[in-house]
Number of protein chains: 2
Amino acid sequence: MARPRKPMLSRERIVAAAGALVDAEGLEAVSTRRLAAELGVSGPSLYNHFRTKDAILEAVADAVSGQIDLSMFDEGDARDWRTALHDWAVSYRAALADHPRLVPVLARGPGRRPAGLRVADAVFGAMVRAGWPPAQATRIGALMRYFVTGSALSSFAQGFVDDAAAYDPREYPHLGQAHLLAEHHHRVDEGAFETGLRALIDGLALEYERQRGAAP
Amino acid sequence: MARPRKPMLSRERIVAAAGALVDAEGLEAVSTRRLAAELGVSGPSLYNHFRTKDAILEAVADAVSGQIDLSMFDEGDARDWRTALHDWAVSYRAALADHPRLVPVLARGPGRRPAGLRVADAVFGAMVRAGWPPAQATRIGALMRYFVTGSALSSFAQGFVDDAAAYDPREYPHLGQAHLLAEHHHRVDEGAFETGLRALIDGLALEYERQRGAAP
DNA sequence: ACCTGAACACCGTTCAAGT
DNA sequence: ACCTGAACACCGTTCAAGT
């Protein structure tokens, strides 16, 4: 078969297939041979389009970053920084929660990924425009990433086994209900995210007022 | 050689060697063959002591959870819930930051790991004792884990490449200084963690007062 | 330029064989 | 009980060969 007159692969097709495979079966399931089989080619063919398997995953990650809504940071948008930050975090988490198994790749940071850099640029720019000193704006970008990636990386509630016998009341006197967490993981994790996000932004607002008071 | 009269391996030796290997070279470097070689045995020998490679990593993770200070949650401790939560988060992060490459394993939750369960038990019990409703105490445990694992999983600052040319000012008008982040990553990430932790706890204190005011 | 099969140096895990 | 080598079904990546 050798070289077809019409290429069988493209970067787009590879990224789409890799994304679907990660979502369906997880990062471990993505092998070059498996991915190539899904695309109807042999393993080494992928190396005509990407330098390494990791570069494929980076491209998938950037596609996910591209789903994050940034419109709340537009110059013309009327939302104040608290509301903008909240709405952005919700969209950020939603994009990651759609592809939880990709979060370890996204957590590596933007690197040279364009969509990742656009996110960092938008939030930093908006916080500075709202009156935060640049060093604080950087910290806000960082701490929001900690919180959102942490919440999307793995379910808190699903981290507890579904088996009442696992929680010996003599060892763990307060975990008598922990075996119920897994069943309600959606509610628990959503609630914790909302509570945490609210607390984070309320706390930042306090800090903002302190700085306002101190500065001229 | 077959079976020696004195066993060559023990769970403890395997866990110690695996931990050292993860710290030195990362999770990807831990293969059963590599680990066995480090211990002077052949690969399959490990299966006499652990059912799978993953069980070895779980054991390493539990050893790290065992390093987290929980004394601030003791009944006799005089710290109020805000201070206790702060001091715990600092110790929690320090334990994880000592072994950042293990964080993806720790982020899976306690599962059946005893040290992981002790942490969950202590923080939940202390929050309830401080007056938080159980559902809120659960959320606090969850959101703290989001924030701490997110901050330990990967450096925010090191997620940006060290190359000024990567930040085209026409594409990313606010990232003119981003190439300096990697150089100061320690300061940046520490500062963001402290700012975020303070904001989180200040925000929770506001919520606590609201509940106090609303309840009888 | 873009695909192929063969090859290299790896994986996790099982299992029969040894003591 | 606890170690071994052989084996199975995999890996990521390189490379010469094909068109």
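Procedures and definitions
- Residues numbered from 1 in each chain as written.
- Chains lettered and ligands numbered in written order.
- Predicted model: local features only at pLDDT ≥ 70, side-chain atom pairs only at ≥ 80, totals over all residues.
- Heavy atoms only, no water.
- Salt bridge = Lys/Arg side-chain N within 4 Å of Asp/Glu carboxyl O.
- Helix = DSSP H or I, 4+ residues; strand = E, 2+ residues; numbered from the N terminus.
- Buried < 20%, exposed > 50% of the residue type's maximum accessible area, 1.4 Å probe, protein only.
- Axes fitted to C-alpha atoms, helices over the stretch in contact; angles between N-to-C directions.
- Parallel < 35°, antiparallel > 145°, perpendicular 65-115°, else oblique.
- Left-handed = near helix turned anticlockwise from the far one by under 90°.
- Contact = heavy atoms within 4.5 Å.
- Nonpolar A, V, L, I, M, F, W, Y, C, P; charged D, E, K, R; others polar.
- Buried area = accessible area lost by both parts, 1.4 Å probe.
- Polar contact = N/O pair within 3.5 Å; in protein donor to acceptor, adjacent residues only side chain to side chain.
- UniProt positions renumbered as here; feature names shortened; annotations may be inferred.
- Domains from an automatic or database assignment.
- Lys, Arg positive; Asp, Glu negative; His and termini not counted.
- Phe/Tyr/Trp six-rings, centres within 6.5 Å; stacked < 30°, edge-to-face > 60°.
- Lys NZ or Arg CZ within 6 Å of the ring centre and 35° of its normal.
- Least-squares fit on C-alpha atoms with pLDDT ≥ 70 in both.

Chain A appears in an unreviewed UniProt entry as TetR/AcrR family transcriptional regulator C-terminal domain-containing protein from Streptomyces montanisoli.

Novice: So what exactly am I meant to see when it comes to the pattern of salt bridges here?
Specialist: Pairs can form between side chains of opposite charge whenever their charged atoms are close. Under the defined criterion, the tally for this structure stands at 30 salt bridges over all chains. Across the salt bridge formed by B:Arg113 and B:Asp62, the nearest N and O atoms sit 3.0 Å from each other. Here the residue B:Arg113 occupies a position in the loop between α5 (103-106) and α6 (114-129), and B:Asp62 occupies one in helix α3 (residues 53-65), the gap between them amounting to 51 residues. On the accessibility criterion, B:Arg113 (6% relative accessible area) is buried. For B:Asp62, a relative accessible area of 15% translates into the label buried. Of the charged contacts, one joins B:Arg79 and B:Asp87 as a salt bridge, the two residues approaching to 3.0 Å between their closest N and O atoms. Residues joined in a network through salt bridges with shared partners are A:Asp54, A:Glu58, A:Asp62, A:Arg108 and A:Arg113.

Novice: Can you walk me through the packing of helix α4 (residues 81-97) of chain B against α6(B) in this structure?
Specialist: Two measures define how a pair of helices packs: the angle their axes make with one another and the distance between the axes. Residue and element names in this part refer to chain B. Contact geometry of α4 with α6 gives a least axis separation of 10 Å together with a crossing angle of 160 degrees. Between α4 and α6, the angle falls in the class roughly antiparallel. Viewed along their axes, α4 and α6 form a crossing whose handedness is left-handed. Along its contact with α4, which presents Trp-81, Leu-85 and Trp-88, the element α6 presents Val-119, Val-123 and Met-127. Classifying every residue of the contact of α4 with α6 gives six nonpolar, no polar and no charged.

Novice: Help me out: how do you make sense of the interface of chain A and chain B in this one?
Specialist: The extent of an interface is frequently quoted as the accessible surface area lost upon association of the parts. On the side of chain B, 57 residues touch chain A, which itself brings 57 residues to the contact. For the pairing of chain A and chain B, the buried interface totals around 4,800 Å² over both sides, and the portion due to carbon and sulfur atoms is 65%. Looking at the side of chain A facing chain B, the largest losses of area belong to A:Asp121, A:Tyr146 and A:Phe156, adding up to 15% of the total buried there. Viewed at the interface, chain B and chain A are joined by six salt bridges. In this structure, the salt-bridge partner of B:Arg112 is A:Asp163, at a minimum N-O distance of 3.1 Å. Counting across the interface, chain A meets chain B through 18 residue pairs in polar contact (both at pLDDT 80 or more). When its residues are assigned to classes, the side of chain A that touches chain B shows 27 nonpolar, 17 polar and 13 charged.

Novice: Looking at this model, I keep getting lost on the UniProt feature "DNA-binding region" (unreviewed entry) in chain A. Mind explaining?
Specialist: In the UniProt entry, the feature "DNA-binding region" (unreviewed entry) is given for residues 31-50 of chain A. Regarding residues 31-50 of chain A, the helix share stands at 35% and the strand share at 0%, and the terminal C-alpha atoms are separated by 14 Å.

Novice: Honestly, the UniProt feature "domain: HTH tetR-type" (unreviewed entry) in chain A in this entry has me stumped. Any pointers?
Specialist: The residues that UniProt annotates with the feature "domain: HTH tetR-type" (unreviewed entry) are residues 8-68 of chain A. When the span residues 8-68 of chain A is considered, its composition is 57% helix and 0% strand, and the gap between its end C-alpha atoms is 31 Å.

Novice: Would you mind going over the domain arrangement of chain A with me for this structure?
Specialist: All names here are of chain A. Its domain assignment divides chain A into domain 1 (11-64) and domain 2 (68-214). Put simply, the middle of domain 1 and the middle of domain 2, counted by C-alpha atoms, are 28 Å apart. Across the boundary between the two partners, domain 1 contributes 13 residues, which contact 15 residues of domain 2. Carbon and sulfur atoms supply 57% of the area buried between domain 1 and domain 2, which totals about 1,200 Å² over both sides. Seen at the junction of domain 1 and domain 2, the total is four salt bridges. At the level of elements, α1 (11-25) and α3 (53-65) are the ones that each hand at least two residues to the side of domain 1 that touches domain 2.

Novice: Help me understand the side chain of B:Asp121 in this model?
Specialist: Position of B:Asp121 relative to the elements: it lies in helix α6. Buried and unpaired, B:Asp121 has no salt bridge, with B:Arg129 as the nearest side chain of opposite charge at 8.2 Å. Beyond its immediate stretch of four places on either side in the chain, B:Asp121 contacts A:Glu171, A:Tyr172, A:Pro173, A:His174 and A:Leu175.

Novice: How should I be thinking about the packing of aromatic side chains in this particular structure?
Specialist: In this description, an aromatic ring pair is defined by two values, namely the gap between the centres and the angle between the planes. Using the criterion set out here, one finds 16 aromatic pairs over all chains in the structure. With centroids separated by 6.0 Å and ring planes inclined at 65 degrees, the aromatic side chains of A:Phe147 and B:Tyr146 adopt a geometry described as edge-to-face. Placement of the pair is A:Phe147 in helix α7 (residues 134-153) and B:Tyr146 in helix α7 (residues 134-153), with the two residues belonging to separate chains. Since its relative accessible area comes to 0%, A:Phe147 is described here as buried. Three or more aromatic residues joined by ring pairs form one cluster here, namely A:Phe73, A:Trp88 and A:Tyr92. Of note, A:Arg93 hangs over the ring of A:Phe193, and the distance from its end group to the ring centre comes to 4.6 Å.

Novice: Help me understand the relation of the copies chain A and chain B in this model?
Specialist: Put simply, the second copy of the chain is the first one after a rotation about an axis and a shift along it. When chain A is fitted onto chain B, the two copies agree to an RMSD of 0.0 Å after a turn of 180 degrees and an axial shift of 0.0 Å. Interpreted geometrically, this transformation is the action of a two-fold axis. The residues that chain A uses at the interface reappear at the interface of chain B in 100% of cases, marking a shared surface.

Novice: So what exactly am I meant to see when it comes to the side chain of A:Ser151 here?
Specialist: As for its placement among the helices and strands, A:Ser151 is situated in helix α7. You can call A:Ser151 buried: its relative accessible area is 4%. At a separation of 3.3 Å, a polar atom in the side chain of A:Ser151 contacts the side chain of A:Arg93. Side-chain polar atoms of A:Ser151 contact the backbone oxygen of A:Val148, separated by 3.0 Å. Sequence-distant contacts of A:Ser151, that is, excluding residues within four places in its chain, are made with A:Arg93, A:Phe193 and B:Tyr146.

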